Each structure stands twice: as C-alpha cells, then as structure tokens.
Amino acid sequence: DGSFESPSYLVYTCMSDGSFGAWTISQDYCILISNNCDDDAGTCSGNNCYCAPDGVQMMHVHGNCATSSGSISQTITTEVGQFYELEFMAAGGTWDGSDSAEQFDVTVSGASTVLDESLYTTGSVQNNVWDVYSLTFTADSTATTLRFYQASGCLNLDKVYVSPTTASPSLTPVPTTAPTAAPTT
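Computed from a prediction, not measured in an experiment: that's the story for all the values here. (Residues numbered from 1 in each chain as written. Predicted model: local features only at pLDDT ≥ 70, side-chain atom pairs only at ≥ 80, totals over all residues. Heavy atoms only, no water.)

A look at the packing of aromatic side chains
According to the stated counting rule, one finds eight aromatic pairs in the structure shown. Here Trp23 and Phe148 contribute two aromatic rings whose centre-to-centre distance is 6.4 Å and whose plane-to-plane angle is 55 degrees, an arrangement assigned as tilted. Of this pair, Trp23 sits in strand S2 (residues 23–33) while Phe148 sits in strand S11 (residues 143–150), and the two are 125 residues apart along the sequence. Each member of the pair, Trp23 together with Phe148, is buried. Here the aromatic residues Phe4, Phe20, Trp23, Phe88, Phe104, Tyr133 and Phe148 are joined through ring pairs into a cluster of three or more. (Phe/Tyr/Trp six-rings, centres within 6.5 Å; stacked < 30°, edge-to-face > 60°. Helix = DSSP H or I, 4+ residues; strand = E, 2+ residues; numbered from the N terminus. Buried < 20%, exposed > 50% of the residue type's maximum accessible area, 1.4 Å probe, protein only.)

Rendered as structure tokens:
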C-alpha cells in the first residue's frame, strides 16, 4: 500500500515502532488524514490544512520533528538483474517550525545497497507542495528493501510505487509527473 490507505484511520494517529500494513516502522510516525482539503480540486483551505495526493491518508515519518528521527521500510519481491523505477511523492512538514527544505535519505538494498540517495523536499505538506521523485535501480536479489529515513525535520510520503522498467539506473532523482504504476503491497 504505497498510498498508506490501509489500515484506515478516522483521525490523525501517531505511533512508535512497529508496522503499518506491509511497512516496518522505526521510531515515531503518524498517519495524517486529509484535513480542510477540497479533494476534487486538491487544494487546501483553512488552518491546519493538508491534502494527501492519493487517497485520504499519507505517512508522516516521525511525529516529534524537533527531537527524533525515524524510518519506514518495506521488502518487496524483485528479479535479479531487472531494472526498477521507484516513484514517490514527498513534502516537508511545518510541525518542526519551518517551511523550508527537509533532507531525507532513500536506500534500496538486496544483496548489497543498490541505491543510496540524500534528497530534499522543496515545500510543505501544509501548503500542499509535494515533490515527485523518480529513481531507478537494478535488483541484485529476489528480496529488495526500500527504506526512507528522516534524521531531522519532518517527512511526509505518499504514492510510493515500484515497477519494472527498461531504463538503466539514474544517478540523481528526476522530477516527473505523478506516478501511474500500481502501488507497492
């Protein structure tokens, strides 16, 4: 569930360590529910507004933005030697007192680390500014782990997809339009 829709919550919910569907959680995280959002237009109105780009829930990697770090990860089945595209949407959070770029790390590993990127968001979930990322990697194992890590600040994720591709791995993130592949499980 790359859009974090299951299990479903009716209110903003924060937890520590454990799992959320197929995702493994380390440290603090919250599930944000679209709030004061015009879902048809994808626009915000009012205070404490945030819109999930896909569905109504999004992942907020670590709940205490000022003092804790956190990560989410998921192991997926891959074919050795196959190129894959990892697409996702990310936004910073204003809960840490800033609306500036937030740094986060993405790693993909199987038998070895096949992708390791430090990336930045350009906007805020509260201002409905989501960045789209597209990264490619070559699987070197039949079990590949995706990991999103946030050392400081706040990271919001949605629309995480992995799909086979014929493109060779990229060295830097490439902005694209919204992902259209099937969500991860």
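Concerning the nonpolar core
Formed by 27 residues in total, the largest nonpolar core has its most connected members in Ile72, Leu86, Phe88, Val106 and Leu157. Apart from residues lying up to four places away in sequence, Leu86 is in contact with Val106, Val108, Leu115, Tyr133, Ser134, Leu135, Phe137, Leu146, Val160, Tyr161 and Val162. (Core = buried A, V, L, I, M, F, W, Y, C linked by side-chain atoms within 4.5 Å. Contact = heavy atoms within 4.5 Å.)

As for the side chain of Ser71
With respect to the secondary-structure elements, Ser71 resides in strand S6 (residues 70–77). Here Ser71 is in contact with Thr24, Ile25, Ser26, Val61, Arg147, Phe148 and Tyr149, once residues within four sequence places are set aside.

Looking at unusual backbone geometry
For residues that are not glycine, phi is negative in most cases, and the peptide bond is trans in most cases. Cis geometry marks the peptide bond from Ser6 to Pro7; its omega dihedral reads 5 degrees. On the secondary structure map, Pro7 appears in the segment before strand S1 (13–20). Its identity is not glycine, yet Phe4 carries a phi of approximately 55 degrees, on the positive side. In this structure, Phe4 sits in the segment before S1. For Phe4, a relative accessible area of 0% gives the class buried. For Lys159, which is not glycine, the phi torsion reads 55 degrees and is therefore positive. Note that Lys159 resides in strand S12 (residues 155–165).

What about the pairing of strand S9 (residues 113–120)?
Across seven bridges, the pairing between strand S8 (residues 103–109) and S9 is antiparallel. Counterpart to Asp105 in the pairing with S9 is Ser118. Here S8 folds back onto S9 in antiparallel fashion, the turn holding three residues. (Pairing = 2+ DSSP bridges.)

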